[in-house]
Amino acid sequence: MSASGGTKAIVAALGANLAIAVAKFVAFLFSGSSSMLAESVHSLADSGNQGLLLLGGKRAQREATPQHPFGYGRERYIYAFLVSIVLFSVGGMFAVYEGYEKIRHPHELEAWYWPVGVLIFAIIAESFSFRTAIKESNELRGSLGWTDFIRRAKAPELPVVLLEDLGALIGLILALGGVGLALGTGNGVWDGIGTLCIGILLIAIAIVLAAETKSLLLGEAAGTEQVEKIKEAVVDGDTVTGVIHMRTLHLGPEELLVAAKIAVQHDDTADEVANAINAAESRIRAAVPIARVIYLEPDIYNAAAAAAGVNPAKTPGGAGTPGPEAPEPGAAEPGPEAPGTPAGTEDTGPTESGH
């Protein structure tokens, strides 16, 4: 996994959660607190989640095969999605069930100093883990706010660890509040209410994670800044005069596919077009290093036809989809003998290049 995958943050969270899970479970055995049991399962689930993230990062590094020619980069998204399922089912649903049972059948806490001491220790340990995740995220998010960073990040590990650590800290505070109120009032129902709140919190975080990783699994385009850099790199002002339309797709957090139809001069030779495409590929990779798979198709751009609206998709940089009355890009269009129809475009045929 690359540095951007947040390996340091994952390892820090894994170590903290394993230690905290053991401490919470010991506190549960001595006190009988349902909040401590829910938090024990929560920390154990988080530990398993960090293991899943590390496994996904390792498997994503496998070389491409004939069956999977674009490699295994998206495997990181799959394991991040599994994390959301584990957090929802093992962490959230268990805590909701345990809280409900404790509210129905409350009992007084025993050896209260165990849960209080462990919760204070856990808050300190989770704070260090959260600090590591924030530090690593700050190196990547730039000027983005935290909400935008979580929504736009293409590497799923750091957003997952950030949300898990945040949820863990809030959950610990809820557990401490539930235990404190149960001790102060002598009513064990408060311990159950704290447990129930922890479960609802975990379910909410799991839903957010599932929604974000689902979007990555479906396939997201490059960011706006990267798209602009690619468009600028394609055009050389000589052979390549513009971008007719372009699509990008993340094959993984650090691998981008670029497919574009580019405008070339009508009198360029095949050799000149091929050399221009190779040069454009080199410029794209220099501008956006993660653009590793590139397909460029040359076409003859007709400004008059585009201005007349025959085919909006032929407008340089446009992303319009041809309507029913408009021919597909590159399709033969009526010549001068078709009255009232602007001159069309001439398609030289697709030229694929890339690795």
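This text goes with the structure placed above it.
These remarks concern the structure in this document. For every chain, the first residue of its written sequence is number 1, and the numbers climb from 1 along that sequence. Restriction of local features to residues with pLDDT of at least 70 applies here, the model being predicted, together with a cutoff of 80 or more for giving and counting side-chain atom pairs; totals for whole chains, interfaces and linings are based on all residues. Based on all heavy atoms of the structure, the side-chain values leave hydrogens and waters out of the count.

Here's the deal with helix 6 (residues 157-185)
For step 1, the next point in the chain: For helix 6, with 29 residues, the first-to-last C-alpha span of 41 Å sits near the 42 Å given by 1.5 Å per residue.
For step 2, the next point in the chain: Secondary structure elements follow DSSP: runs of H or I of four or more residues count as helices, runs of E of two or more count as strands, with numbering from the N terminus. Backbone geometry just after helix 6 places G186 at a positive phi near 75°. A helix is expected to reach a length of 1.5 Å times the quantity of its residues less one.

Remarks on helix 3 (residues 75-104)
For step 1, the next point in the chain: Along its 30 residues, helix 3 runs 43 Å from first to last C-alpha, staying within 8% of the 44 Å computed at 1.5 Å per residue.
For step 2, the next point in the chain: Along helix 3, the sharpest change in direction is near 25° and occurs at F88. We define the bend at any residue as the angle between the axes fitted to the seven residues before and including it, ending there, and the seven starting there.

Topic: the nonpolar core
For step 1, the next point in the chain: Side-chain atoms within 4.5 Å are what join buried Ala, Val, Leu, Ile, Met, Phe, Trp, Tyr and Cys residues into a set we call a nonpolar core. Between buried and exposed lies partly exposed: a residue is buried under 20% and exposed over 50% of the maximum accessible area for its type, with that area taken using a 1.4 Å probe on protein chains only. Membership of the largest hydrophobic core comes to 42 residues, with the highest contact counts inside it found for L53, V161 and L209.
For step 2, the next point in the chain: Within the residue set of this core, elements represented by two or more residues are helix 1 (7-31), helix 2 (34-59), helix 3, helix 4 (113-141), helix 5 (146-152), helix 6 and helix 7 (189-218).
For step 3, the next point in the chain: The element that contributes the greatest number of residues to this core is helix 6, accounting for 10 residues.
For step 4, the next point in the chain: Membership of the second largest hydrophobic core comes to 24 residues, among which are A233, V264, A291 and L296.

Focus: the packing of aromatic side chains
For step 1, the next point in the chain: For Phe, Tyr and Trp, rings pair up if their centres lie within 6.5 Å, where Trp contributes its six-membered ring, and each pair is then called stacked (planes under 30 degrees apart), edge-to-face (over 60) or tilted (otherwise). In the structure shown here, the tally under the stated rule is four aromatic pairs.
For step 2, the next point in the chain: Relative to F28, the ring of F25 lies with its centre 6.0 Å away and its plane at 40°, an arrangement referred to as tilted. One end of the pair is F25 and the other is F28, both in helix 1 and three residues apart, which spans about a single turn.
For step 3, the next point in the chain: According to the relative accessible area criterion, F25 is partly exposed, its value standing at 39%.
For step 4, the next point in the chain: Sitting over a ring, as applied to charges here, requires NZ of Lys or CZ of Arg to be within 6 Å of the ring centre and within 35 degrees of the ring normal. The aromatic ring of Y72 is capped on one face by R62, whose charged end is 3.8 Å from the ring centroid.

Things to note about the sheet that holds strand 2 (residues 255-264)
Two modes of strand pairing occur in sheets, parallel and antiparallel, and in both the strands are linked by backbone hydrogen bonds.
For step 1, the next point in the chain: The mixed open sheet is built from three strands, whose spatial order is 1-2-3. Every other strand in the sheet has two partners, leaving strand 1 (240-252) and strand 3 (291-300) as the edge strands with one partner each. Averaged over all adjacent pairs, the angle separating strand axes in this sheet is 15°, with direction ignored.
For step 2, the next point in the chain: Of the strand pairs in this sheet, strand 1 and strand 2 are connected by 10 bridges, and their pairing is antiparallel. When the bridges of strand 2 are listed, V240 appears paired with V264.
For step 3, the next point in the chain: It only takes one pair of heavy atoms within 4.5 Å for two residues to be counted as in contact. The axes used here are C-alpha line fits, helices contributing only the stretch in contact, and every angle between their N-to-C directions lies in the interval 0 to 180 degrees. Its contacts with the sheet place helix 9 (residues 270-287) against strand 1, strand 2 and strand 3, and it is angled at close to 145° to strand 3. Two strands make a pair as long as DSSP finds a minimum of two bridges between them.

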